[in-house]
Amino acid sequence: MKILACNSNINLAQSISKALNTPLVKAEVKRFSDMEIFVEVQENVRGEDMFIIQSTSYPANDNLMELLVSLDALRRASARRITAVIPYYGYARQDRKSGPRTPISAKLVANLITKAGADRILTMDLHAGQIQGFFDIPTDNLFAAPVFLKDIEEKYKNKPVVIVSPDVGGVVRARAIARRINANLAIIDKRREKAGTSEVMNIIGDVSNHHCILVDDIIDSGGTLCNAAQALIDVKAISVDAYVTHGVLSGSAVSKISNSPLNAVVTTDSITATEAVRMSDNIRQISIAPILGEAIRRVHMEQSVSSLFE
């Protein structure tokens, strides 16, 4: 087994390498003066079980192209099997036709990755579970819930807690965490008028005099969670925190969170933190390297991955 790290999330790749006690493959992933991407693997990988670690986060197109070129390089270097480890799968929100003459980009990206040479996909908290079906190769969708549960249990032990889904689509994810800590579940019914904006309409469930924990897969502009937090405070919630797998945090999201009722937003390191995120007082990251490392080990050893979450 060997691990190749692209440039999107070097820190996470190094943490996974350390967890597995396996050094990263010597490789050069660089750009020419016209921004063409060049990959050179600088050691023999013939017959090896290869794992490429690359999130397709901002800049999404550059990081996706790095992944595709790296896959091609390993395929042409005669690697025995290539697993694309994609902690954050970009384009996942384009998983259906949202209107006439619009693409299903999540499927297009799946096709590109498969054609480039991936034999298997390892990713985390896909925006929609059905994206696994967009791939014609084995796809393991891991969950950040175990690391979130550990953090929640340490912080809220013996306190009244309600797990809150910020929309109807996230109920399954929120219910799974609520069941594990024996907490009640609440749902926020919202109407989104256009992309990037949301309006809270109603709260389903009793949250008054409870610590509310919002659970979601992606935080981008931050509007949904900030509006949800304000709605929960308005109905007498004691406090509101958010646990979100992928901290995209684009535009003015960090300042928006700083000025919101959210006590803290906890994300994973599936996406490299920007300077603004690192400097924020109420945003912090927890590492998913142990989960990804164990999943990689199990894939290599042909062991069960799903039993990680039982």
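Residues numbered from 1 in each chain as written. Predicted model: local features only at pLDDT ≥ 70, side-chain atom pairs only at ≥ 80, totals over all residues. Heavy atoms only, no water.

Peer 1: How do you make sense of the nonpolar core when you look at a structure like this?
Peer 2: If you look at the biggest cluster of nonpolar residues, it comprises 38 residues, and the most contacted ones within it are I16, L142, I163 and I213. In terms of residue count, helix α9 (residues 289-300) provides more of this core than any other element does, six residues in total. Non-local contacts of I213, meaning those with residues more than four positions away in its chain, are made with I152, Y156, V161, V162, I163, V164, D241 and Y243. L64, L68, A79 and A106 belong to the second-largest nonpolar core, a separate cluster that totals 35 residues. (Core = buried A, V, L, I, M, F, W, Y, C linked by side-chain atoms within 4.5 Å. Buried < 20%, exposed > 50% of the residue type's maximum accessible area, 1.4 Å probe, protein only. Helix = DSSP H or I, 4+ residues; strand = E, 2+ residues; numbered from the N terminus. Contact = heavy atoms within 4.5 Å.)

Peer 1: Sorry if this is basic, but what is going on with the sheet that holds strand β1 (residues 2-5) here?
Peer 2: Backbone hydrogen bonds hold the strands of a sheet together, and the pairing may be parallel or antiparallel. Across the sheet, which stays open at both edges, the five strands sit in the order β1-β4-β5-β6-β7 with parallel pairing between neighbours. Sheet topology places β1 and β7 (139-142) at the edges, where each strand pairs with a single neighbour. On average, each strand axis in the sheet is tilted by 20° relative to the strand beside it, whichever way the strands run. (Pairing = 2+ DSSP bridges. Axes fitted to C-alpha atoms, helices over the stretch in contact; angles between N-to-C directions.)

Peer 1: I tried to follow the side chain of H246 on my own but got confused; where do I start?
Peer 2: Its location among the elements puts H246 in strand β12 (residues 239-247). Taking relative accessible area as the criterion, H246 reaches 1% and is therefore assigned buried. A polar contact is formed between the side chain of H246 and the side chain of S270, at a distance of 2.8 Å. Apart from the residues within four sequence positions on either side, H246 is in contact with P87, Y88, M124, D125, D217, I218, I219, S270 and I271. (Polar contact = N/O pair within 3.5 Å; in protein donor to acceptor, adjacent residues only side chain to side chain.)

Peer 1: What should I look at first to understand the pairing of β1 in this one?
Peer 2: In the case of a regular strand, side chains alternate between the two sheet surfaces. What you see with β1 is no split at all: K2 and L4 on one side and I3 and A5 on the other are buried throughout. Examined bridge by bridge, β1 and strand β4 (residues 49-53) share four bridges and lie parallel to one another. The residue bridging K2 from the neighbouring strand is M50, located in β4.

Peer 1: Please explain the packing of helix α1 (residues 10-20) against α9 as it appears in this structure.
Peer 2: Any two packed helices are characterised by the angle at which their axes cross and by the distance between the axes. The contact between α1 and α9 brings their axes to 9 Å, and the two run at 55°. Relative to α9, α1 is oriented oblique. Considering only the axes of α1 and α9, their crossing is right-handed. Each of L12, S15, I16 and L20 in α1 lies in contact with α9, whose residues at this interface are A289, L292, G293, I296 and R297. (Parallel < 35°, antiparallel > 145°, perpendicular 65-115°, else oblique. Left-handed = near helix turned anticlockwise from the far one by under 90°.)

Peer 1: Sorry, what's going on with the pairing of strand β6 (residues 120-124) here?
Peer 2: In terms of burial, β6 is largely enclosed, as five of its five residues are buried. Of the two faces of β6, both are covered, the one formed by R120, L122 and M124 as well as the one formed by I121 and T123. The pairing of strand β5 (residues 81-86) with β6 spans four bridges and is parallel. Bridging across to β6, V85 finds its partner in L122. In this view, the connection linking β5 to its parallel neighbour β6 by way of helix α3 (residues 105-116) has right-handed handedness. Pairing geometry for β6 and β7, over four bridges, is parallel. Bridging across to β7, I121 finds its partner in T139. (Right-handed = clockwise from strand over helix to strand, strands pointing away.)

Peer 1: Teacher, can you tell me more about the pattern of salt bridges here?
Peer 2: One side chain can pair with another of opposite charge once the charged atoms of both are near each other. Overall, the coordinates contain 17 salt bridges when judged by the stated rule. Here E28 makes a salt bridge to K30, at a shortest N to O gap of 3.8 Å. A salt bridge links R93 to D220; the nearest nitrogen and oxygen atoms lie 2.8 Å apart. Pair noted here: R93 is in the loop between β5 and α3 and D220 is in the loop between β11 (211-219) and α6 (223-234), with a separation of 127 residues, a long-range link. You can call R93 partly exposed: its relative accessible area is 37%. Residue classification places D220 among the partly exposed positions, given a relative accessible area of 22%. Salt bridges sharing common partners tie together K2, E43 and E48. (Salt bridge = Lys/Arg side-chain N within 4 Å of Asp/Glu carboxyl O.)

Peer 1: What should I look at first to understand α6 in this one?
Peer 2: The first and last C-alpha atoms of α6 sit 16 Å apart over twelve residues, in line with the 16 Å expected at 1.5 Å per residue. Taken together, the buried positions of α6 are G223, T224, L225, C226, A228, A229, A231 and L232. Backbone geometry just downstream of α6 places K236 in the positive-phi region, at approximately 75°. (Expected span 1.5 Å × (residues − 1).)

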